[in-house]
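# Architecture at a glance
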Amino acid sequence: MPDVVSLGDLCVAAIEAAEGGEAVEAFAQESRSREAEARKGEIEGLSSAQSRGVGIRLISDGGRLGYAYAADPTADEVRRAVAQARDNAALASSDAFNVLPDPAPVPDMPDLYRSSQAEMPIDRLVALALDLEQRTTSIDPRVSKVEVCQAGDSVSRVALASTAGVDAAYERTDTWCVAVTLAEEGDDVQTGYSYRIGRELDELGWHEVAFEAVTRAARMLGAQKPPSARVPVVMDPFAASAFLGVLSSALSAESVQKGRSLFADRLGDQIGSEIVTIVDDGTLLEGPAAAPFDDEGVASGRTALIENGRLAAFLHNTYTARRGDTTSTGNASRAGYRSSPGVGTSNFYLEAGPADPEELLLRAEGGVLVQEVTGVHSGANPISGTFSVGATGLRIREGGLEEGLREMTIASTIPEMLAGVTAVGNDLRFFSSVGTPSILIGEMTVGGV
Amino acid sequence: MLPLATGSMGAMLDRDLAEEVLRAARTHGGGFAEIFVEERTSTSIRLDDGKVEELTTGLDRGAGIRVGTPETTSFGFAHTNRLDRDALLEAAEAAAASLRAGTPGDVADLRALEPPVRHRAQRPADAVAAAEKVSWVREADEVARGVSPEVRQVVVSYVDSLQRILIATSDGRWVEESRPRIRLVPHVVAARDDNIQTGLHGPAGSAGVEFFDEHPVAETARIAAQRAVTMLDSIPAPAGEMTVVLAPGTGGVLFHEACGHPLEADIVDHEASVYRGKIGERVASELVTGVDDATVLNGWGSFGLDDEGAPAQRTPMFEQGVLSGWLYDRLRADKEGVPSSGNGRRQSYSSPPIPRMTNTYIVNGSSTAADVLGSTPQGVYVKAMGGGQVNPATGDFVFGVAEGYLIQGGELTTPVRGANLIGRAIEVMSAVDAVCDDFSTWEGVCGKDGQGVPVGSGSPTLRISRMTVGGTDA
């Protein structure tokens, strides 16, 4: 292999290309990822990938922002990207809130990187994917096929340096597996989904994934459209997490400052039930988005955004913090080296409560367990918080789950939903970087026929 | 080496090296090996709150190497964004590792393929000064704000890109293509007291900046702003079963999601398509004829050769309500011994190709929109669609309605908000009882298996006699 310039050296090349009065930041990233897909006892797809790139953020003397990036650049190409970012900045509007963060100590998180995972032979990944498919198709005779059965891992490194003096790096391993099953009975077909993420493949609950994907499909066989009614609703973590995504945008200071949040001017107000606490915590090791610092080098931390139902804080990066005359919460976020940092969540979750999920069912007599919602992305207005979504689930009777229900619609608003939470489960789990336990909502309108 | 259509970067890969890499990828045999090399330059501009927040220019490049085995539709795939010989051979080895054993396969002489159609930029965006692009973004902001004092916020996103690709395959395909793309999207927020509504509009093409001659920036901004302002007068949508009339373009979005995805050959092969086993059967109203057409000149979802080197074509999907066939990529087509329909697409070099739609259209019928609306006593009119989701196995879908109106006594009356269209593909498409003659298109980015690709959709005005509307006015 030819000599590869280290990420740190690429960052240094960028910083050294800064001219007088300019602030320059280099964000360098490299990753190696693998993915195996199993079907009918064979590996259908085996992928492996390597990538690296550098993104340059340049703020000119007048607070003008320019950005440029390059995939797998040489040091010369990094310098060229700095020059491009300079040209781009010249055409941007001046904005005094454009500044780079100062360096500050960041937490040490050595457990993010597991050398045993980084060194795992690909044969082991292949065996795990095949095993997952085998388990998934041998639990219930009505579930003999998978639509998707994959396992994958990645090792990534991030290095960040700036003319303000930031100089930091970390490495992390990520692993995941997913199974989507098809349950069939006569003409009826239902799908069921399960997913786990973690730092090491050997720590994922493989049997639970198989069992869950099967159960969630099989129990929906024969599902019918229910009559419209106002009933108690239990949202399991799969369904509840979809709504949390909408909430995260409303809690971003960027949305607030630009007049796009339903929570603008509500800081300190009671906006939800007293048992609802929503937190963002980049230091939570079991959360998939764990990292010692955010995407502009500010230390990660725990921020309670909604505390016992009270709106306590917004998510900030350095720009919004400066504009809002406060401090960054370490929530600068970017989609890799190709974009400059905006505001985003790290590990964003609804804190677990004391109740077993079974207890929630007991308290929802005649109600509905919602196991999947669709159309949240299209059906929810993040600005007004109103939504109308499609849902599937099961009827709850005497604490148990009865017939499957399909083609339901649920219409409400985010504030109504937050206020209506009457119990929070102890089964918190993460889906991508969003986590929730099961929640019980006292009453919601569930539309059907 | 063939001269490239545009660009001064020279060839992306030497032919001898391509052959060497293909040979390495076929170390353990397999049905075929393929290299996809890509270089993409792009410029994006974002204006928010009256400020040009950011200009970004980027350079992406890399190669994806695949070894495919059609009999089992299985593949090994590896990608790298280093294009040196060592990195490419290493990736070829990783892709070949998916095959446990087997004798080395052949590599045929590479022959250049000509596309059936070229989607050229008349005035390439990369030759236009960034300052001019900034002026379009500012114009969109000013026009949108000028529509009404109730316009509170405007975000304008502009992006142009030039994707240069090179494909070499072990059965001798050598493809070079340049694909320009351009889009400007104003996103407008209008407010009246506590009532906040949004509107966006974003025509897009595989073209140069001449695209804006046909789709003037000011007009795009006006439509987006008017949509947001109109929705301020909206009432919560009714819920229940009713007649739905879909404006030109919007029915194509529904057709893409609800009918197009289940026709993709990988979904069918996975036995997860609601249309499986139904070729030749009536699956929609006889008024519905639908096609997928990558040859639409300068269309957003168009190309000359697909990402596996198969020629762009117009593929029948439904003919007068009867299911015509599937949308194929190479793996699935080779397995069944049929030609690919030219639907093998990938987001970039870093993803393997899978069957995807291109420009998916319901073609014109013979009714007129005025007659169809006039003969609809009650229902909902969908002027603009939001996003949607479909479960291909069951055909269940949900779509958001971005701009909708009540139909009362054959006329559009009050705007409605919060509406969702909910139904099952076969039932809803069978309930189409009018197809008009006023075809129009709608452009978007379609996501599948984590890959986003530009797609066009299109349709004339359609009427669905009965379907479920999920509204907030229960």
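Sequence order sets the numbering: in each chain, residues are counted from 1 along the sequence as written. In the order they appear in the text, chains get letters beginning with A and ligands get numbers beginning with 1. Side-chain atom pairs in this predicted model are given and counted only at pLDDT of 80 or more, local residue features only at pLDDT of at least 70, and totals for whole chains, interfaces and linings cover all residues.

## Looking at the overall build of chain B
Note the following rule: Numbering of helices and strands starts at the N terminus; helices are DSSP runs of H or I of at least 4 residues and strands are runs of E of at least 2. C-alpha atoms define the radius of gyration, and 2.2 Å times the number of residues to the power 0.38 defines the globule rule. Around each residue's C-beta, the other C-beta atoms within 10 Å are counted; 20 or more make the residue buried, 12 or fewer make it exposed, and counts in between make it partly exposed. All C-beta atoms are placed from the backbone. Each residue is represented by a C-beta atom placed from its backbone, and any two residues with such atoms within 7 Å are regarded as in contact.
Broken down by element type, chain B carries 10 helices and 24 strands. Its C-alpha atoms give chain B a radius of gyration of 24 Å, within 12% of the compact-globule value 23 Å for 474 residues. Its C-alpha atoms give chain B principal-axis dimensions of roughly 70 × 55 × 35 Å. Evaluated residue by residue, chain B yields a buried proportion of 61% over its 474 residues. Summarising the internal contacts of chain B: among those between residues at least 6 apart in sequence, 76% fall at separations of at least 24.

## Some details on the overall build of chain A
Helix and strand counts for chain A come out as 11 helices and 20 strands. What you see for chain A is a C-alpha radius of gyration of 24 Å, in line with the 22 Å of a compact globule of 449 residues. A principal-axis box enclosing the C-alpha atoms of chain A has dimensions of 70 × 55 × 35 Å. A total of 449 residues make up chain A; the buried ones form 58% of that total. Long-range pairs, those at least 24 residues apart, make up 70% of the contacts in chain A with a sequence separation of at least 6.

## Observations regarding the interface of chain A and chain B
Note the cut-off: Paired strands, in this sense, are two strands between which DSSP finds at least two bridges.
Counting from both sides, the interface comprises 55 residues of chain A and, opposite them, 64 residues of chain B. Per element, the largest residue contribution to the side of chain A that touches chain B is 11 residues, and it comes from strand β2 (residues 42-59) of chain A. Bridging between β2(A) and strand β3 (residues 74-80) of chain B involves 6 bridges; their strand directions are parallel. Bridging across to β3(B), A:G45 finds its partner in B:F75.

## Some words on unusual backbone geometry
All names here are of chain A. With a phi angle near 40°, D72 is a residue other than glycine that sits in the positive phi range. Inspection of the secondary structure assignment puts D72 in the loop between β3 (65-71) and α2 (75-91). Owing to 24 C-beta atoms within 10 Å, D72 belongs among the buried residues under this scheme. For D265, which is not a glycine, the phi torsion comes out positive at approximately 65°. Checked against the element boundaries, D265 lands in the loop between α7 (253-257) and β8 (278-281).

## Let's talk about the nonpolar core
Where we set the bar: Remark: nonpolar core denotes a set of buried Ala, Val, Leu, Ile, Met, Phe, Trp, Tyr and Cys residues whose joining runs through C-beta atoms within 7 Å.
Within the largest apolar cluster, 217 residues are counted, with the highest numbers of intra-cluster contacts made by A:A14, A:A26, A:V54, A:I56, A:L132, B:A144 and B:V188. Ranked by the residues each element gives to this core, the list is headed by helix α6 (residues 237-250) of chain A, at 8 residues. Apart from residues no more than four positions distant in its own chain, A:V54 is found in contact with A:L10, A:A14, A:A26, A:F27, A:A28, A:Y69, A:A70, A:P73, A:V78, A:A81 and A:Y337. Judged by nonpolar contacts, the second largest core, of 38 residues, contains B:L22, B:A24, B:F32 and B:L99.

## Some details on the sheet that holds strand β19 (residues 434-436) of chain A
Residue and element names in this part refer to chain A. Defined as follows: Fitted lines through C-alpha atoms give the axes, limited to the stretch in contact for helices. The angle between two N-to-C directions lies from 0 to 180 degrees.
The 6 strands are arranged β10-β9-β8-β13-β19-β18 in an open sheet whose pairing can be described as mixed. Looking at which strands have only one partner, the edges of the open sheet turn out to be β10 (310-311) and β18 (429-431). Bridge analysis of strand β13 (residues 348-350) against β19 gives 2 bridges, and the strand direction is parallel. Residue pairing for β19: Y349 is matched across the bridge by G435. Where α6 meets the sheet, its contacts fall on β13, β18 and β19, and the angle it forms with β19 comes to roughly 130°.

## Looking at the packing of helix α4 (residues 122-136) of chain A against helix α5 (residues 206-218) of chain A
Residues and elements named next belong to chain A. The following threshold applies: Note that the term roughly parallel is reserved for angles under 35 degrees, roughly antiparallel for angles over 145, roughly perpendicular for angles of 65 to 115, and oblique for everything else. Crossings are classed by handedness, with left-handed meaning an anticlockwise turn of the near helix from the far one by less than a right angle and right-handed meaning a clockwise turn. Ten residues, namely Ala, Val, Leu, Ile, Met, Phe, Trp, Tyr, Cys and Pro, are considered nonpolar, four, namely Asp, Glu, Lys and Arg, are considered charged, and the remaining ones, Gly among them, are considered polar.
Contact geometry of α4 with α5 gives a least axis separation of 9 Å together with a crossing angle of 40°. The angle between the axes of α4 and α5 places the two elements in the oblique class. Handedness of the crossing formed by α4 with α5: right-handed. In contact with D131, L132, R135 and T136 of α4, α5 contributes W206, H207, V209, A210, A213 and V214. In terms of residue class, the contact of α4 with α5 is built from 6 nonpolar, 2 polar and 2 charged.

## Looking at the environment of B:D292
You can see B:D292 is positioned in strand β11 (residues 290-293). Judged by local crowding, B:D292 falls into the buried class, with 27 C-beta atoms found within 10 Å.

## A short note on the sheet that holds strand β23 (residues 451-459) of chain B
Residues and elements named next belong to chain B. Here we have 6 strands laid out as an open sheet, ordered β13-β12-β11-β16-β23-β22, and mixed in their pairing. Looking along the sheet, the strands with just one partner apiece sit at the ends: β13 (322-323) and β22 (440-448). For β11 and strand β16 (residues 359-362), the ladder comprises 3 bridges, and the chain directions are antiparallel. Looking at β16, one finds that G290 is bridged to I362.

## Thoughts on the confidence of the model for chain B
Put simply, the rule is: Residue-level confidence of the predictor, termed pLDDT, takes values from 0 up to 100.
In the predicted model, chain B carries a mean pLDDT of 93, and the fraction of residues at 70 or more is 97%. Here the complex is predicted with pTM 0.87, and the ipTM for its interfaces comes to 0.83.

## Here's the deal with the pairing of β16(B)
Residues and elements named next belong to chain B. Burial along β16 is two-sided: N359 and Y361 facing one way and T360 and I362 facing the other are all buried. Note that β16 and β23 share 3 bridges and pair parallel. Of the residues in β23, the one forming a bridge with T360 is S457.

## Overview of the packing of helix α1 (residues 15-25) of chain B against helix α2 (residues 85-96) of chain B
Residue and element names in this part refer to chain B. Where α1 contacts α2, the two axes come as close as 8 Å, and the packing angle between them is 25°. When the interaxial angle is binned, α1 and α2 end up roughly parallel. The two elements α1 and α2 meet at a crossing, and its hand is right-handed. Across from L17, V21, A24 and A25 in α1, the residues of α2 making contact are R85, L88, L89, A92, E93, A95 and A96.

## Quick look at the pairing of β2(A)
Residue and element names in this part refer to chain A. Extensive coverage of β2 is indicated by the burial of 17 of its 18 residues. The sheet contact formed by strand β1 (residues 23-39) and β2 spans 17 bridges and is antiparallel. In the strand pairing of β2, R32 is matched with Q50. Hairpin connection from β1 to β2: 2 residues lie between these consecutive antiparallel strands, with K40 at a positive phi of about 50°. Two strands pair when backbone bridges link them, and β2 and β3 are joined in this way by 7 bridges, in the antiparallel orientation.

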